[in-house]
Number of protein chains: 2
Amino acid sequence: MPNAKPAKVVAIGESVGPQVYRILRERIIQAELLPGERLSESDAAKSLSVSRQPVREAFIKLSEEGLVQVLPQRGTFVTKISVASVMDVRFVREAIEADIVRLVAEGHAPETIAELRRQLAEQRKVPHDDRAAFLRLDELFHHTLAAAAGKAYAWSVIESVKAQMDRVRFLSVDDLHIGRLIEQHERIVDGIAAGDKAAAEEAIRLHLREILTSLPEIARSRAELFDDTE
Amino acid sequence: MPNAKPAKVVAIGESVGPQVYRILRERIIQAELLPGERLSESDAAKSLSVSRQPVREAFIKLSEEGLVQVLPQRGTFVTKISVASVMDVRFVREAIEADIVRLVAEGHAPETIAELRRQLAEQRKVPHDDRAAFLRLDELFHHTLAAAAGKAYAWSVIESVKAQMDRVRFLSVDDLHIGRLIEQHERIVDGIAAGDKAAAEEAIRLHLREILTSLPEIARSRAELFDDTE
DNA sequence: AATGCTTGACTTGTATGGTAGTAGGTTAGT
DNA sequence: ACTAACCTACTACCATACAAGTCAAGCATT
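Residues numbered from 1 in each chain as written. Chains lettered and ligands numbered in written order. Predicted model: local features only at pLDDT ≥ 70, side-chain atom pairs only at ≥ 80, totals over all residues. Heavy atoms only, no water.

Student: What exactly am I supposed to notice about the protein's contact with DNA strand C here?
Tutor: Near DNA strand C there are 25 residues, and of these R56 and Q73 of chain A together with V16, R52 and R74 of chain B occur at the shortest range. Between DNA strand C and R52 of chain B there is a distance of 2.6 Å, counted from a base oxygen to a side-chain nitrogen or oxygen. Sorting the residues of the surface near DNA strand C by element identifies β1 (38–39), α2 (41–48), α3 (52–64), β2 (68–71) and β3 (75–78) of chain A together with α1 (16–29) and α3 (52–64) of chain B as the ones contributing at least two each. (Near = heavy atom within 4 Å. Polar contact = N/O pair within 3.5 Å; in protein donor to acceptor, adjacent residues only side chain to side chain. Helix = DSSP H or I, 4+ residues; strand = E, 2+ residues; numbered from the N terminus.)

In structure tokens form, the structure reads like this:
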């Protein structure tokens, strides 16, 4: 059902504001709403069959995440992707996840290692052209690491921050080097299994720097989606 | 002017919502609004001479920060301080600042080191009973490190997260061990000046773990402000 | 023809009305 | 006297009305 606008998009059981937020957030990350595109509280409200108020709350939250820019009395626009912003959130993410992995390696709990290896097997099964599927598994992998370290809150911080990175990953046109990414995952798990904190930390730092290799090329080939003038 | 409620608290030039947010945030952090206390959109709106709408937006943002808890159709309450939450944000902060300090040590720019040493001198001048003054300088010190590393965004993440820690620091009844904290600052700067990344990193990690030593005692002596049942 | 002003259709920001749901006190029933 | 149902006074949530500012198009004036 392509672009069908349901009469009532929102479901019961949760406030409308957060629902609108998630819907719009997803659309921006998946480049369904393009950088530079103009949004409007009223338009979004109409198309989602809610009032302006929850939409406004969603806009505010999106603007705090840097996904939209609200200009009073002028309009609300989907922010262009900024190489600098992506590198900023990447830095924060690397710092947090590095410490998380150290903790996991310190514990090197057998059930955690088993779970991670199970996930690695699943990742290898993903067809190389099914980007969305792999991204889901990658997300799960990192989330599992955080959970294993008992750092649910730290993961929530990462989640609230990494939208900028996710936008870029959705643009990767080529095969995403899935094989290489899985190899990096393996090194992380190996380090954890060996209880080698330093090795595991170094592995995830390298893994999270992977985006830096593809970022310039993506920014060049899809320049219209990016802000940085270069 | 003690507790005078001005007719119009808000100023021009900025939207009301964020202003209300900052006012309430400050009051919560400084324990002017006590954990467990009930807030109300209408009450806060009346006392600030604004409408309920901006107050609502402020409540939402405060709840995302974990400073209040919004219970639909029931009320909004200042969250009790939670030892677990404090440790959660502390972990995130340590992870980020550790990497920041590594960067600063790598650069070991002379003007940065000079500025930091200047701040150390100021910190030593603070009377041992002027907690607020030292906290301001401490804040400035850490902010300066982030700025020197060119990580303004990372600092903004820390700021949006560290409110839980600040609440505790405001409760420290004793002399806050100002002398010890300044010593730790000195070790950080020494590591940076020597270009010794590992030493600087270890120094700031120890520094940020300092709160762990006083936290249990504070939680015990001010148990009514804390959530954790122990 | 070119320039300046007005006007109107937008935008977000703020205020207020209406609704569903909760909680506690009160009253009726046993 | 005790229990249980009701009723009132709240709450946050959503919808709508109003205000203030922006911008562009088009008309009037020069």
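There is more to say, and it comes next.
Student: So what exactly am I meant to see when it comes to the sheet that holds strand β1 (residues 38–39) of chain B here?
Tutor: The strands making up a sheet associate through hydrogen bonds between their backbones, and the pairing can be parallel or antiparallel. Residues and elements named next belong to chain B. Pairing is antiparallel in the open sheet, where three strands are placed in the order β1-β3-β2. Whereas interior strands pair on both sides, the edge strands pair on one side only; in this sheet they are β1 and β2 (68–71). Bridge count for β2 against strand β3 (residues 75–78) is four bridges, and the pairing is antiparallel. Residue pairing across strands places L71 opposite G75, the latter belonging to β3. Against the sheet, α3 engages β1, β2 and β3, with an angle of about 115° to β2. (Pairing = 2+ DSSP bridges. Contact = heavy atoms within 4.5 Å. Axes fitted to C-alpha atoms, helices over the stretch in contact; angles between N-to-C directions.)

Student: Before we go on, may I ask you to explain the protein's contact with DNA strand D in this structure?
Tutor: Lining the immediate surroundings of DNA strand D are 24 residues, of which V16, S51 and R74 of chain A together with R52 and R56 of chain B lie closest. A share of 71% of the atoms of DNA strand D within 4 Å of the protein falls on sugar and phosphate groups. S51 of chain A is positioned with one of its backbone polar atoms (N or O) 2.7 Å from a phosphate oxygen of DNA strand D. Taking R52 of chain B, its side chain carries an N or O atom lying 2.7 Å from a base nitrogen of DNA strand D. Of all elements in the fold, only α3 of chain A together with β1, α2 (41–48), α3, β2 and β3 of chain B reach the threshold of two or more residues within the surface near DNA strand D. The residue inventory of the surface near DNA strand D, partitioned by class, reads seven nonpolar, ten polar and seven charged. (Nonpolar A, V, L, I, M, F, W, Y, C, P; charged D, E, K, R; others polar.)

Student: Just to check I follow, could you spell out the relation of the copies chain B and chain A for this structure?
Tutor: Superposition of the two copies of the chain requires a rotation about an axis together with a shift along that axis. When chain B is fitted to chain A, the best match, at an RMSD of 0.1 Å, comes from turning it 180° and sliding it 0.0 Å along the axis. Here the two chains are linked by the operation of a two-fold rotation axis. It is A95 of chain B whose C-alpha, among those of chain B, lies nearest the rotation axis, at 2.7 Å. A high fraction, 100%, of the interface residues of chain B reappear at the interface in chain A, so the copies pair face to face through one surface. (Least-squares fit on C-alpha atoms with pLDDT ≥ 70 in both.)

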